[in-house]
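A look at the structure
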Amino acid sequence: THTHTHTALTNSHTRSLRPQTHSGLTSSRTSTTFVNNFANMAAVKKIVRAVHTETFSDHNTNPISLARFIMEDSAQYRKAQVSLALILNSIATASKVIGNAVQQAGVQGLHALRGETNVQGEDQKKLDVLANDVMINSLIGSRKVSVLVTEEMEEALVVEGIPHARYAVVFDPLDGSSNIECNVSVGTIFGIYHQTEGEQATLDDVLVSGRNLVAAGYVLYSSSTVMVLSTGHGVHSFTQDPNTGEFVMTQENMRIPEEPKKIVSVNTGNMHKWDEPVREFVNWCISQPSPYSHRYIGSMVADVHRTLLYGGIFMYPADSKNKQGKLRVLYECFPMAFLIEQAGGVATTGTGDVLDVVPTQLHERCPIFLGCHRDVSKLLEFMQK
């Protein structure tokens, strides 16, 4: 309606701007007509702009949806393709289904164990399997993905028969599900790779360093459903509007605070298994005149989300039981390290950047320490002694 109105107004002014001539000469009124009509056109522009700029305290009149953001990002950087937009839209659709299932898990009995274990040897719950199936089906439905790697399956899933499907997606469908009975926040973690030379992505396009990621993010299922995403040009947060179901941008260009809070997030129950430098760092944190707070939820998505917003450090070190670390490189460490670096933070294994690791196995693990420069740098001081 606004568009038609604006067009009609513009056309009427265009007609009136034509010089009124008499006997081949422009009348003396012509210049006055031009001035008046230019003034009127300026007034029209002001009216149209006012519709978009007036402030309504209880409504967002210019919501930036996830789909709109991806298309604008593509136009600006010419790296994110339409195919990537379709993949991210598929992940958003899957996350809505998973979020709804999380909300109904208690009523529908989805907390219950399935009676099987995944490739990690972890007990599978019905909700784990549901989330995994939803993610796989949504991503295949995008017709842009030819390789899928998930925590819940030992082998990679190779999708055949889709030409020009040059993307590979790695994901943990439901991080933190072991604690879901007590309504702890859980989430979905994902990373996306793009193969540019062949017809389809292959497994070789996944077993590469995290520097090859073209996008990564997570979806947090809590009091609201939040997607945090980066396509390599900053970190942005989208919250699902419960009225429309759409993911709408609520934070743009997220950065770890320049004055971060003093928070250390680690499972201190494993402290006796850690290497000495890690123990010394944690003891240093709590022995300061203004000691660090301990905040550990046990769901990586929730702990990293807090670290991204407040600063501090999140740690899951190697120990005497898990000598290679506990968290998986491809679909836990890489996506989170990608986001943290994009937000101005640091993610390290203790010996090098997480994103520089080159995995040789799908479910390879590594230690991870991520957060603000202040705290990660201090940790590395202890580790390099």
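Shown above is the structure to which this text applies.
As a starting point, this report considers the structure included with it. All of these numbers come straight from a predicted model, not from anything done at the bench.

Each helix and strand in the protein chain was counted, giving nine helices and 17 strands. When the 385 residues of the protein chain are sorted by exposure, 47% land in the buried category. Summarising the internal contacts of the protein chain: among those between residues at least 6 apart in sequence, 64% fall at separations of at least 24. Looking at the protein chain as shown, the accessible area adds up to about 19,400 Å², and 50% of this sits on carbon and sulfur atoms.

For the rest of this paragraph, the subject is the sheet that holds strand 13 (residues 263-265). Spatial ordering of the open sheet is given by 14-13-15-17-16, a layout of five strands whose pairing is mixed. For this open sheet the edge positions go to strand 14 (293-294) and strand 16 (346-348), each flanked by a neighbour on one side alone.

Counting residues in each nonpolar core, the largest one holds 47 residues, and the members touching the most others are Val149, Leu308, Phe334, Met336 and Ile368. If we ignore the near neighbours within four places in the chain, the residues touching Ile368 are Met300, Phe314, Met315, Tyr316, Pro317, Leu327, Cys333, Thr348 and Val354. Counting residues in each nonpolar core, the second largest holds 38 residues, with Phe69, Leu84, Ala85 and Ala94 among its members.

Side chains of Met71, Val82 and Leu86 sit close together on the surface and give an oily, nonpolar patch of about 250 Å² of accessible area. Among the structural elements, Val82 can be located in helix 4 (residues 82-108). Note on Val82: relative accessible area 48%, which makes it partly exposed.

Right, let's get into the environment of Lys323. Relative to the helices and strands, Lys323 is located in the loop between strand 15 (313-316) and helix 8 (329-342). Considering only alpha carbons, one finds Lys323 and Arg365, 42 residues apart in sequence, at a separation of 9.4 Å. A polar side-chain atom of Lys323 sits 3.3 Å from the main-chain carbonyl oxygen of Ser320.

Moving on to the side chain of Thr231. Looking at the element boundaries, Thr231 is found in the loop between strand 10 (225-230) and strand 11 (236-240). Thr231 has contacts with Ile70, Asp73, Leu84, Leu88, Val214 and Ala215, leaving out every residue within four places of it along the chain.

Tallying each qualifying case throughout the model produces nine salt bridges. Measuring nitrogen to oxygen at the nearest pair gives 2.6 Å for the salt bridge that ties Arg328 to Glu151. Pair noted here: Arg328 is in the loop between strand 15 and helix 8 and Glu151 is in the loop between strand 5 (145-150) and strand 6 (157-158), with a separation of 177 residues, a long-range link. Glu151 carries the same exposure label as Arg328, and that label is buried. Three or more residues joined by partner-sharing salt bridges are found here, namely Arg211, Glu341, Asp353 and Asp356.

Taken together, the eight strands give an open sheet; going across it, the order is 6-5-7-8-9-10-11-12, and neighbouring strands pair in mixed fashion. Of all strands in the sheet, those bounded by a partner on one side alone are strand 6 and strand 12 (247-251). Where strand 8 (residues 186-194) meets strand 9 (residues 213-221), eight bridges bridge the pair, whose relative direction is antiparallel. Bridging across to strand 9, Gly187 finds its partner in Leu220. With respect to the sheet, helix 7 (residues 300-310) is in contact with strand 7 (167-175), strand 8, strand 9, strand 10 and strand 12, its orientation differing from that of strand 9 by roughly 105°. This element, helix 8, spans strand 5, strand 7, strand 8, strand 9 and strand 10 of the sheet and lies at about 100° to strand 9.

A separate point is the environment of Met383. Here Met383 is to be found in helix 9 (residues 373-383). Its relative accessible area of 27% is what places Met383 among the partly exposed residues. The spatial distance from the C-alpha of Met383 to the C-alpha of Val278 is 7.2 Å, given a sequence separation of 105 residues.

A few words now on the packing of aromatic side chains. Under the defined criterion, the tally for this structure stands at five aromatic pairs. Here Phe281 and Trp284 contribute two aromatic rings whose centre-to-centre distance is 6.2 Å and whose plane-to-plane angle is 20°, an arrangement assigned as stacked. Placement of both Phe281 and Trp284 in helix 6 (residues 276-287) is noted, with a separation of three residues, approximately one turn of the helix. Look at Trp284 and you get partly exposed, because its relative accessible area is 24%. Where Trp284 meets Tyr292, the ring centres are 6.0 Å apart and the plane angle is 55°; that geometry is what we call tilted. Through successive ring pairs, a cluster of aromatic residues spans Phe281, Trp284, Tyr292 and Phe382. Lying over the aromatic face of Tyr310, Lys261 brings its terminal NZ or CZ to 4.2 Å of the ring centre.

The next subject is the state of the cysteines. Enumeration according to the criterion identifies zero disulfides in this entry. Considering cysteine sulfurs only, Cys333 is the nearest to Cys366, which forms no disulfide, with 3.7 Å between them.

With glycine set apart, most residues show a phi of negative sign, and most peptide bonds adopt trans. Non-glycine residue His164 carries a positive phi angle of around 65°. As for its position among the elements, His164 is in the loop between strand 6 and strand 7. Although it is not a glycine, Asn183 sits at a positive phi angle of roughly 60°. Here Asn183 is to be found in the loop between strand 7 and strand 8. Accessibility expressed as a relative area gives 70% for Asn183, which makes it exposed.

Conventions adopted
- Residues numbered from 1 in each chain as written.
- Predicted model: local features only at pLDDT ≥ 70, side-chain atom pairs only at ≥ 80, totals over all residues.
- Heavy atoms only, no water.
- Helix = DSSP H or I, 4+ residues; strand = E, 2+ residues; numbered from the N terminus.
- Buried < 20%, exposed > 50% of the residue type's maximum accessible area, 1.4 Å probe, protein only.
- Contact = heavy atoms within 4.5 Å.
- Areas by Shrake-Rupley, 256 points an atom, 1.4 Å probe, with all protein chains shown as cover.
- Pairing = 2+ DSSP bridges.
- Core = buried A, V, L, I, M, F, W, Y, C linked by side-chain atoms within 4.5 Å.
- Patch = residues over 30% accessible without salt bridge, like charges linked within 9 Å, V, L, I, M, F, W, Y side chains within 5 Å.
- Salt bridge = Lys/Arg side-chain N within 4 Å of Asp/Glu carboxyl O.
- Polar contact = N/O pair within 3.5 Å; in protein donor to acceptor, adjacent residues only side chain to side chain.
- Axes fitted to C-alpha atoms, helices over the stretch in contact; angles between N-to-C directions.
- Phe/Tyr/Trp six-rings, centres within 6.5 Å; stacked < 30°, edge-to-face > 60°.
- Lys NZ or Arg CZ within 6 Å of the ring centre and 35° of its normal.
- Disulfide = S-S within 2.5 Å.

Remember that the coordinates give geometry; whether it matters functionally is a separate question.
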